[in-house]
Amino acid sequence: MSNESPIWTPARHPLARFLRGLVTGTRPPMDGGWMRVTPWVPHIQGILSFPGHAILAVSYDHTENDLAELGVDGWGGAHDPRVVTALAKNGWIDTLDLLMLGPGGGEASAGDHLVMRSDLARHPLVEHARRVRSEVQVFGSADPAVEDVVVLARGIGGLREISFALDPRHRGQGKGTALVQAALHSVPENELIAACVAPANLPSWRCLERAGMTPYGTVQLFTDRPERRT
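Residues numbered from 1 in each chain as written. Predicted model: local features only at pLDDT ≥ 70, side-chain atom pairs only at ≥ 80, totals over all residues. Heavy atoms only, no water.

Draft legend 1. Quick peek at the overall build of the protein chain. The helix and strand tally for the protein chain stands at six helices and ten strands. In summary, the protein chain has a C-alpha radius of gyration of 18 Å against a globular reference of 17 Å for 230 residues, a match within 12%. When its C-alpha atoms are laid out on the principal axes, the protein chain stretches across 55 × 45 × 35 Å. Per-residue burial over the protein chain gives 51% buried out of 230 residues. Across the protein chain, contacts joining residues at least 24 apart in sequence account for 65% of those joining residues at least 6 apart. When the accessible surface of the protein chain is split by element, carbon and sulfur atoms take 52% of a total near 11,600 Å². Averaging the coordinates of the 22 positive side-chain charges in the protein chain and doing the same for the 25 negative ones gives two points 2 Å apart. (Helix = DSSP H or I, 4+ residues; strand = E, 2+ residues; numbered from the N terminus. Rg over C-alpha atoms; globule rule 2.2 N^0.38 Å. Buried < 20%, exposed > 50% of the residue type's maximum accessible area, 1.4 Å probe, protein only. Contact = heavy atoms within 4.5 Å. Areas by Shrake-Rupley, 256 points an atom, 1.4 Å probe, with all protein chains shown as cover. Lys, Arg positive; Asp, Glu negative; His and termini not counted. Charge placed at Lys NZ, Arg CZ, Asp CG, Glu CD.)

Draft legend 2. The arrangement of the pattern of salt bridges in detail. In this structure the tally under the stated criterion is six salt bridges. Taking the shortest distance from any N to any O, the salt bridge between Asp 80 and Arg 82 comes out at 2.8 Å. The residue Arg 117 makes a salt bridge to Asp 119 at a minimum N-O spacing of 2.8 Å. (Salt bridge = Lys/Arg side-chain N within 4 Å of Asp/Glu carboxyl O.)

Draft legend 3. Summary view of unusual backbone geometry. You will see that Lys 89, though not glycine, has its phi angle at about 55 degrees, which is positive. In this structure, Lys 89 sits in the loop between helix H3 (81–88) and strand S4 (93–103). A positive phi angle is found at Asn 190, which is not glycine, with a value near 70 degrees. Considering the arrangement of structural elements, one finds Asn 190 in the loop between helix H5 (176–184) and strand S9 (192–197). Residue class for Asn 190 comes out exposed when judged on its relative accessible area of 58%.

Draft legend 4. A look at the environment of Leu 96. Along the chain, the position of Leu 96 falls in strand S4. Judged by its relative accessible area of 37%, Leu 96 falls in the partly exposed class. What Leu 96 contacts, discounting residues up to four positions off in sequence, is His 79, Pro 199, Thr 218, Val 219 and Gln 220.

Draft legend 5. Quick look at the pairing of S4. Direction of pairing for S4 relative to strand S10 (residues 214–222): antiparallel, over a ladder of seven bridges. Among the inter-strand pairings, Met 100 is bridged to a residue of S10, identified as Pro 215. Across six bridges, the pairing between S4 and S9 is antiparallel. Note that in S9 the partner of Leu 99 across the bridge is Cys 196. (Pairing = 2+ DSSP bridges.)

Structure (C-alpha cells):
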C-alpha cells in the first residue's frame, strides 16, 4: 500500500491532535473540566473521558449551557446515562469502551503478514466498523481457511482505528497478540492507532496491551439519528 493514498493522510481533527499530545505527555488538567469539539464525521458523535477531564464531540444543536445543565463534568458526569440519552434522543447508543492508543509498527521484515480478505466483509466486526467508521479495510490470514479478522478504518477523531477477532477455533491459544502485532505492522511506523474495547473483554484488552497499546480513557459513541432498518 502506498503512503500517498488518502487513507494514510494524518488526521487533523482537534481530537486527533489532543490524543497525539496525550501519548507524548501533554496531559489535560485534572480539574473536572471538559471541552467540546465538533464531531469528526457528521453522523457520529462521541463522549470521551480521561482522568479528571472530558471531551464531547457533539452537535452544536446543544449549547455549552445545555451540556452543563445536563451535569457534564470531567469527574465522570460526562458518561452519566442521562447525558448520553438526552443527546442521542431516539438515536443509537454504542457501549462504553476503553480507549487504547499505540504506535504503528511499520512493515514487518518477518513473521505473518496480513492480506486483504473481501470474503470476510460480512463479518459482524466489519459491519459494525462500517456503521461508525470510514475507509474500512478488511484483512486476515493469507490462508483462506483461517477466519481471523482485522479491520483498519478511520475512527476516533479521524485516527486509524483497529479492531480484530480471532477465528473461534484459535481462541484461547495465545494467538491474539500476534494478530494485533501483525495489524500494527500493516500501518506506517509511529502512526498513532486507536482501539476501542469493552472493559469486560479482558482477552482483547490484554492482547492489545501486549502488542504495545495503552489504555488512556473511555469513549462512548452515539448518533441522534433514528436507526434505519434494512
